[in-house]
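This is what each chain is made of:
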Amino acid sequence: MAGVAGPSEEGDLMEDIRTRAVHVVNQPLPQGSWPLSVPLVQSSAFAFASASELAEAMAGPDGQYVYSRRGNPTVRALERTLAGLEGGASAIAFASGMGAISGVLLALLRPGDQVIAQRCLYGGTYAALTDLVGRYGVEVAYISADEVDEFEALAGPRTRLLVLETIANPTGQVPDLPGLLAAARRRNVISAVDNSLASPVLCRPIEFGADIVLHSTTKYLAGHSDVLGGAAIFADDALRQEIWPRTVELGASADPFAAWLTLRGIPTLPLRMREHCANAGVLASRLAAHPAVMAVHWPWSTTHPSYATARKVLSGGGGLLSFELAGGREAGRMFVEGVRVARLALSLGGVETLVTHPASTSHRELEEGALAAAGIEAGLVRMSVGIEDPEDLWRDVEQALSPLVLG
Ligand SMILES: *Cc1c(COP(=O)(O)O)cnc(C)c1O
């Protein structure tokens, strides 16, 4: 037997049906046969012909596949695809966006290290950083991320990592990526940019000097609200080699089927992003002119505080917008319960339009004062604009807004 063709070829040894049933036929493809779609290699482990080959394969992240927590062909196809889209050298795929973020933080940081992070940060990232402070003696300093000077004033010999997001949620803030990433590089501070909301279609942070790009592939990359996933993409493969053993220990590895579903979504990413941006633009301008709405936050609006930066850093405004209803908390609740095409659900980045009202859901414990301090108005509604017809979306938004126009 050449190589490991699989025990199914050993038919003469299999007399009993119990043995034959276990060893279903598992044949490699004939040389030269190339499936058009990426094969789903839904296997936890891989068989070897010799113990020495198996031992050799355990040396690092590349080489032969051994065990799917350490590497898997379908997951590797996703990693290579993501690295290509972001202009990185290599990538590690994870079970979720938080798996990627926690994995990178835990792999890089040691007690006494300082992290400088953008103040308006994804809630899960903020919670993970807070946990590092309490449990592991890591120091975290927050900056607005609009000015490079803030970073320069805080950065010191213990600064290990700068954490930013291309587009923050729900404010739509776009940090000064070119300035901050260049400053981090000058000081040998590793930079990590969560690019989930922009996707590599609207921004490739590595082009501005990022060392690591983070993704919740759950959002725009997979795009169909049917799978969780995350990824870290590295500008330089040395960083992946350093981080990989630790992420294998932490175990938040991507499952092959999840990777396969994500790969299934990616070919339409540029088409979907175009529609998300166009639809968000239609809704943002009409919402701004509606009497029930006090303010709209979308970085591609000329009135947004990040507009000038967004024009430098992004190639479109993205699909996430938020707006403040004049009627406050009760109006927010009524709006998210009044929409009929859009759905009330957490998450974002899928083909369908979703709405949330932070003051009555994720932030419902906060009084008005504490809400305002967190940058969230009581009447703030977040909308992940999908790829439906924009006129249908506007009709839905209008009928949900009409009872909210104050007399
Ligand atoms: C959703 C999200 C995450 C977390 O991703 P999961 O896949 O839910 O773990 C991280 N960052 C941003 C910006 C997100 O929107």
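Before any of the text, the structure's been laid out above.
Residues numbered from 1 in each chain as written. Predicted model: local features only at pLDDT ≥ 70, side-chain atom pairs only at ≥ 80, totals over all residues. Heavy atoms only, no water.

A look at helix α11 (residues 269-288)
Spelled out, the test is: The helix and strand labels rest on DSSP assignments: H or I over at least four residues marks a helix, E over at least two residues marks a strand, and numbering proceeds from the N terminus. A helix is expected to span 1.5 Å for every residue after the first. We call a residue buried when its accessible area falls under 20% of the maximum for its residue type, exposed when it is over 50%, and partly exposed in between, using a 1.4 Å probe and counting protein chains only. Contacts between residues were defined by any pair of non-hydrogen atoms, one from each residue, lying within 4.5 Å.
With 20 residues, α11 should reach 28 Å at 1.5 Å per residue; the first-to-last C-alpha distance of 28 Å fits that figure. Within α11 the residues assigned to the buried category are Leu269, Arg272, Met273, His276, Cys277, Asn279, Ala280, Gly281, Leu283, Ala284 and Leu287. Buried residues in α11 make contact with α8 (199-202), α10 (256-265), β8 (293-297), β9 (320-325), β12 (380-384) and α15 (390-401).

Description of the layout of surface pockets
Stated precisely, the cut-off is as follows: Here the term cavity refers to a set of points on a 1 Å grid, laid over the protein atoms alone, in which a 1.4 Å probe fits but cannot get out; the term pocket refers to an open set having protein on both sides within 12 Å along at least five of seven lines, with lining residues being those that place an atom within 4 Å of a point. Grid points are joined across faces, edges and corners, and a volume is the space filled by probe spheres set on the points. Charged means Asp, Glu, Lys or Arg here, nonpolar means Ala, Val, Leu, Ile, Met, Phe, Trp, Tyr, Cys or Pro, and polar covers whatever is left, Gly included. For the domains described, the bounds stem from an automatic or database domain assignment.
By volume, the second largest pocket is sized at about 1100 Å³. As for the second largest pocket, its lining consists of 41 residues, of which Leu121, Tyr122, Gly123, Asn169 and Pro170 are closest to the centre. Every element with two or more residues in the lining of the second largest pocket is listed here: α4 (97-108), α5 (123-136) and β6 (212-216). The residue inventory of the lining of the second largest pocket, partitioned by class, reads 17 nonpolar, 18 polar and six charged. Looking at which domains feed residues into the lining of the second largest pocket, each of domain 1 (14-267) and domain 2 (269-406) gives three or more.

Considering the sheet that holds strand β11 (residues 354-356)
Cut-off, in case you're wondering: Two strands qualify as a pair provided that DSSP identifies no fewer than 2 bridges between them. Whenever a helix is involved, its axis is fitted only over the stretch in contact; in every case the axis is a line through C-alpha atoms, and angles between N-to-C directions fall within 0 to 180 degrees.
Taken in spatial order, the five strands line up as β8-β9-β12-β11-β10 in an open sheet, and their pairing is mixed. Two strands lie at the open edges of the sheet, namely β8 and β10 (343-344), each paired on one side alone. Judged from the five bridges that link them, β9 and β12 form a sheet pairing that is antiparallel. Bridge pairing in β12 links Ser322 to Arg382. Along the sheet face, α11 touches β8, β9 and β12 and points at about 15 degrees away from the line of β9.

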